[in-house]
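# Structural overview for review
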Amino acid sequence: MGFCLLNNVAVTAAALVAAGERVLIADFDAHHGNGTQDIFYERGDVLYVSWHQHPLYPGSGRVEETGSGDGAGATLNIPMPPGSTGEHYRRSVQDLVAPALAGHGTTWVILSAGYDAHRDDPLTDLGLSSGDFGDLT
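What this report covers is the structure whose coordinates are included nearby. (Residues numbered from 1 in each chain as written. Predicted model: local features only at pLDDT ≥ 70, side-chain atom pairs only at ≥ 80, totals over all residues. Heavy atoms only, no water.)

It is worth spelling out unusual backbone geometry at this point. Here the amide bond leading from histidine 54 into proline 55 is cis, since omega sits at 5°, within 30 degrees of zero. Backbone torsion omega between tyrosine 57 and proline 58 reads 10°, so that peptide bond is classified as cis.

Below, the structure is given as structure tokens:
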């Protein structure tokens, strides 16, 4: 929907799963990665986790969107309300992401990190600091 003309994260993940790997895509961007989600929505060998501001464009990434078919449960959307800070993100890693990872058998982690979740970004309303990006990585 306009943000990715070439989705290098999806290309890399697809190459890895073709080689028999199991991949986690961790997407901490202010916007939901609807294209990445769509590509892997029916695949269980890619665990897609998206933190994104909600409400915000493109309007996708509801908690109920969890994958289908072989990918049922392999999509984890974590909509963040405006003002969410690094502490909120870290807590979600502990409470939501760690349990999802426990049964996945991940062999590779790919980061899809947009820096528009920074508290100084003029277009979004999330509250991450520069240090929070390091912690999340």
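More follows now that the structure is in view.
Turning our eyes to something else, we now look at the layout of surface pockets. Roughly 200 Å³ of internal volume is contained in the second largest pocket. Looking at the lining of the second largest pocket, the elements that each hand over two or more residues are strand 1 (23–28), helix 3 (86–102), strand 4 (108–113) and helix 4 (130–136). If one sorts the elements of the lining of the second largest pocket by residue count, helix 3 sits on top with four residues. A class-by-class count of the residues in the lining of the second largest pocket yields eleven nonpolar, one polar and one charged. (1 Å grid on protein atoms, 1.4 Å probe; cavity = no way out; pocket = protein on both sides within 12 Å on 5 of 7 lines; lining within 4 Å. Points joined across faces, edges and corners; volume = space filled by probe spheres on them. Helix = DSSP H or I, 4+ residues; strand = E, 2+ residues; numbered from the N terminus. Nonpolar A, V, L, I, M, F, W, Y, C, P; charged D, E, K, R; others polar.)

This paragraph deals with the pairing of strand 1. Taking burial as the measure, the six residues of strand 1 include six buried ones, the bulk of the element. Of the two faces of strand 1, the one carrying Val23, Ile25 and Asp27 and the one carrying Leu24, Ala26 and Phe28 are both buried. Bridging between strand 1 and strand 2 (residues 46–53) involves six bridges; their strand directions are parallel. Paired with isoleucine 25 across the two strands is tyrosine 48, which belongs to strand 2. Considered for its hand, the β-α-β crossover made up of strand 1, helix 2 (residues 34–40) and strand 2 is right-handed. Across six bridges, strand 1 lies against strand 4 in parallel orientation. Bridged to isoleucine 25 within strand 4 is isoleucine 110. (Buried < 20%, exposed > 50% of the residue type's maximum accessible area, 1.4 Å probe, protein only. Pairing = 2+ DSSP bridges. Right-handed = clockwise from strand over helix to strand, strands pointing away.)

Bringing the nonpolar core into the picture now. Grouped together as the largest cluster of nonpolar side chains are 17 residues, with contacts concentrated most on Val49, Trp51, Ile78 and Tyr89. Dropping the residues within four chain positions of it, isoleucine 78 is found in contact with Val49, Ser50, Trp51, His52, Ser92, Leu96 and Val97. By size, the runner-up hydrophobic cluster in this structure holds eleven residues, among which are Val9, Ala10, Tyr48 and Ile110. (Core = buried A, V, L, I, M, F, W, Y, C linked by side-chain atoms within 4.5 Å. Contact = heavy atoms within 4.5 Å.)

Strand 2 sits mainly inside the fold: eight of its eight residues count as buried. Burial along strand 2 is two-sided: the face carrying Val46, Tyr48, Ser50 and His52 and the face carrying Leu47, Val49, Trp51 and Gln53 are both buried. As paired elements, strand 2 and strand 3 (residues 75–80) share six bridges and run parallel to each other. When the bridges of strand 3 are listed, valine 49 appears paired with leucine 76.

Glancing now at the sheet that holds strand 4. By definition, the strands of a sheet pair up through backbone hydrogen bonds, in either a parallel or an antiparallel sense. Strand order in this open sheet of four strands is 3-2-1-4, and the pairing throughout is parallel. The open sheet has two free edges, formed respectively by strand 3 and strand 4, since each of these has just one partner strand. When the angles between neighbouring strand axes are averaged without regard to direction, this sheet yields 10°. Along the sheet, helix 1 (residues 8–18) contacts strand 1, strand 2 and strand 4; its crossing angle with strand 4, the most-contacted strand, is approximately 170°. Relative to the sheet, helix 3 contacts strand 1, strand 2 and strand 3, its axis offset from that of strand 3 by approximately 165°. (Axes fitted to C-alpha atoms, helices over the stretch in contact; angles between N-to-C directions.)

So, on to the pattern of salt bridges. Scanning all chains against the criterion turns up seven salt bridges. Between arginine 43 and aspartate 45 there is a salt bridge whose closest N-O contact spans 2.6 Å. Of the residues examined, aspartate 45 reaches a relative accessible area of 16% and is grouped as buried. Note that arginine 91 and glutamate 87 form a salt bridge whose closest N and O atoms lie 3.8 Å from each other. Placement of the pair is arginine 91 and glutamate 87 together in helix 3, with a separation of four residues, close to one helical turn. Among the residues examined, arginine 91 registers a relative accessible area of 40% and is labelled partly exposed. (Salt bridge = Lys/Arg side-chain N within 4 Å of Asp/Glu carboxyl O.)

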